[in-house]
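# A look at the structure
Listed below are the residues making up each chain.
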Amino acid sequence: MNILLIGGGGREHALAWKLRQSPLADTIFCAPGNPGMKGVQQVPMLGLKEMADFAVKNNVGLTMVGPEASLCEGIVDIFRERGLCIVGPNREAAQLEGSKSYAKDFMNRHGLPTAKAAVFEDEASALAYLKKEGAPIVVKADGLAAGKGVIVASTVAEAESAIKACFSGTFGKAGARVLLEECLFGEEASIIALCDGKTIIPLASSQDHKRALENDLGPNTGGMGAYSPAPVVTDDLWKTIDKSVLKPFLKGVQADKLDFRGIIYAGLMITDKGAKILEFNVRFGDPETQAILVRLESDLVEALIKLADGNLADMALKWSPKPAVCVVMAANGYPGSYPKGDVIEGLEQAEQTGAVVFHAGTKEIDGKVVTSGGRVLGVTALGDTIKDAVDNAYKAVDKITWNGVQFRRDIAHRALNRP
Ligand code: AMP
Ligand code: GLY
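No experiment lies behind these values; they were computed from the predicted model shown.

Each full turn of the α-helix corresponds to 3.6 residues, which orients residues three or four apart in the same direction. The terminal C-alpha atoms of helix α13 (residues 386-397) lie 16 Å apart, and with 12 residues this matches the ideal 16 Å at 1.5 Å per residue to within 8%. Residues I386, A389, V390, A393, Y394, A396 and V397 constitute the buried set of α13. In an axial view of α13, the angular spread of the buried residues amounts to 155°, which keeps them on one side of the axis. Looking at the buried residues of α13, the elements they touch are β15 (225-228), β18 (324-330), α12 (347-352), β22 (375-382) and α14 (413-416).

This part is about the sheet that holds β18. Ordered in space as β12-β15-β18-β22-β19, the five strands form an open sheet in which the pairing is antiparallel. Where the open sheet ends on each side, the last strands, each with one partner, are β12 (207-208) and β19 (356-359). Sheet topology places β15 next to β18; four bridges connect them, and they run antiparallel. Bridge pairing in β18 links Y227 to V325.

Taken together, 15 residues lie around ligand 1, and E181, L184, E188, K210 and E279 are the ones closest in. Residue K140 places a side-chain N or O atom 3.1 Å away from a nitrogen atom belonging to ligand 1. A distance of 2.6 Å is found between an oxygen atom of ligand 1 and a side-chain nitrogen or oxygen belonging to E279. Taking 470 Å² as the accessible area of ligand 1 by itself, protein coverage stands at 91%. Mapped by element, the contributors of at least two residues to the shell around ligand 1 are β7 (137-141), β8 (150-153), β9 (178-182) and β17 (274-281). Broken down by class, the residue content of the shell around ligand 1 amounts to seven nonpolar, one polar and seven charged.

Next up on the list: the packing of aromatic side chains. Scanning the model with the defined rule gives eight aromatic pairs in all. Residues W17 and F358 carry aromatic rings whose centres are separated by 5.7 Å and whose planes lie at 85° to one another, so their mutual orientation is edge-to-face. You can see W17 sitting in helix α1 (residues 10-20) and its partner F358 sitting in strand β19, a full 341 residues away along the chain. Assessed through its relative accessible area of 0%, F358 is described here as buried. Both rings, one in F249 and one in F260, keep their centres 5.6 Å apart while their planes meet at 85°; by these two values the pair is edge-to-face. You can see F249 sitting in helix α9 (residues 235-255) and its partner F260 sitting in strand β16 (residues 260-271), a full 11 residues away along the chain. A single burial state applies to F249 and to F260, both of which are buried. Among the aromatic residues, those joined into a ring-pair cluster are F106, F249, F260 and F280. Of note, R283 hangs over the ring of Y265, and the distance from its end group to the ring centre comes to 6.0 Å.

For the rest of this paragraph, the subject is the pattern of salt bridges. Going through the model one piece at a time under the given rule, you end up with 29 salt bridges. Residues K247 and D242 are paired through a salt bridge, measuring 2.6 Å at the closest nitrogen-oxygen approach. Counted as one network, the salt bridges with shared partners bring together D216, R408, D410 and R414.

Below, the discussion takes up the nonpolar core. In terms of nonpolar packing, the biggest core is built from 79 residues, with F79, F249, F280, V325 and I400 touching the most fellow members. With residues up to four places along the chain from it excluded, the contact list for V325 reads A226, Y227, V379, T380, A381, I386, A389, V390, A393, I411 and A412. Within the second largest apolar cluster, 42 residues are counted, among which are A14, V40, A291 and C326.

A word on the pairing of strand β10 (residues 187-195). Burial within β10 is extensive, with eight of its nine residues counted as buried. Looking at chain direction, β10 and β16 are connected through nine bridges and run antiparallel. In the sheet register, I192 faces β16, and the bridge partner there is Y265. Of the strand pairs in this sheet, β10 and strand β11 (residues 200-202) are connected by three bridges, and their pairing is antiparallel. Looking at the pairing, L194 lines up with I201 of β11. Counting the residues that bridge the hairpin from β10 to β11 gives four residues, and of these G197 lies at a positive phi of roughly 90°.

What counts as what
Residues numbered from 1 in each chain as written. Chains lettered and ligands numbered in written order. Predicted model: local features only at pLDDT ≥ 70, side-chain atom pairs only at ≥ 80, totals over all residues. Heavy atoms only, no water. Helix = DSSP H or I, 4+ residues; strand = E, 2+ residues; numbered from the N terminus. Expected span 1.5 Å × (residues − 1). Buried < 20%, exposed > 50% of the residue type's maximum accessible area, 1.4 Å probe, protein only. Arc of directions from axis to C-beta. Contact = heavy atoms within 4.5 Å. Pairing = 2+ DSSP bridges. Near = heavy atom within 4 Å. Polar contact = N/O pair within 3.5 Å; in protein donor to acceptor, adjacent residues only side chain to side chain. Areas by Shrake-Rupley, 256 points an atom, 1.4 Å probe, with all protein chains shown as cover. Nonpolar A, V, L, I, M, F, W, Y, C, P; charged D, E, K, R; others polar. Phe/Tyr/Trp six-rings, centres within 6.5 Å; stacked < 30°, edge-to-face > 60°. Lys NZ or Arg CZ within 6 Å of the ring centre and 35° of its normal. Salt bridge = Lys/Arg side-chain N within 4 Å of Asp/Glu carboxyl O. Core = buried A, V, L, I, M, F, W, Y, C linked by side-chain atoms within 4.5 Å.

The following block contains the structure:
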């Protein structure tokens, strides 16, 4: 079967790497892909209708979508109208990620545990509410803001400037509506699941590292590293998550008659009052996927076809017991502005250690791989223990260098330092 993968980051490289291992896969196309994707045909990313034409013309039997933007624009609706098999929620259901107020309303109506929040469409009412609630408080632009639309404000002044930024157009249309949310405290975990509207199957747990700097300092990023499983998700907590998050999510999808045959990602805060949902994404996490997929022993193509066809009930996933760690190597200055075009050295030597080097922001120029994005690589390794996996990942990281490379040395610190 020919497969089309949409996207070109580290998550998509991990997906391509895993899809390629399937005996069901013939040609794999990736739009736009990246230079790390060996054995995958990179094709230009066109408009959504043109991508559907491409899929028909190239006899694509399965399309998998990485990034949220295409899902929120309705790629699934367009492909299904053409009779194509595609994994993902349709445009309506993708609002679970595309609009935080839509997601909050869904959670409240269906009894999913989440922080208290109020939604505002004008600055004056938001500021009045802030005055009443005080800080700390979380200010969230309603729409997609490339991971930058959430400000955890520790002071009223900080919250005030975040509210003003939203309403003055910093996030464009995404900030025209603003949520003010109760600030939660605890350890975060990412729960990613396959959901076909009838069955929901969680993948292995994982944990991201959002902050740019070690000790969880500095600005929020797309994610500086991840590991799987996340020991904070104990067997008991899994039971609670199944009962209070996964099952109610599925019931909510059914009650709202949403066409959800895709990936649901619940970002959780494990508070002392239990797990609460910070956000939904309707796609695989990045870099969580890199750490999760190297542990998946089952055939991903088979799972995705069953997901798209609504036959997930027949699927059981098998996992390696070995933990995995992904360390993101980023360009100097990320998540702010950063240079591009620096030559990356040591990629082969890193892979010779046994690690997998997933590319994210790279380009090939004159036979050399150079940096071309903020998050450049996701160096991923398994180990017998989480400590081994950390050591193996950093052994590979230490083979790679470029001018201005930055990464965190403390990925998986919470797992390593658990009592
Ligand atoms: P989101 O894009 O909603 O995942 O938010 C990005 C990050 O902001 C999360 O991973 C958390 O670290 C933080 N965050 C979001 N909502 C809250 C909240 N209610 N309380 C504390 N931190 C939050
Ligand atoms: N790693 C966070 C995300 O994918 O949204």
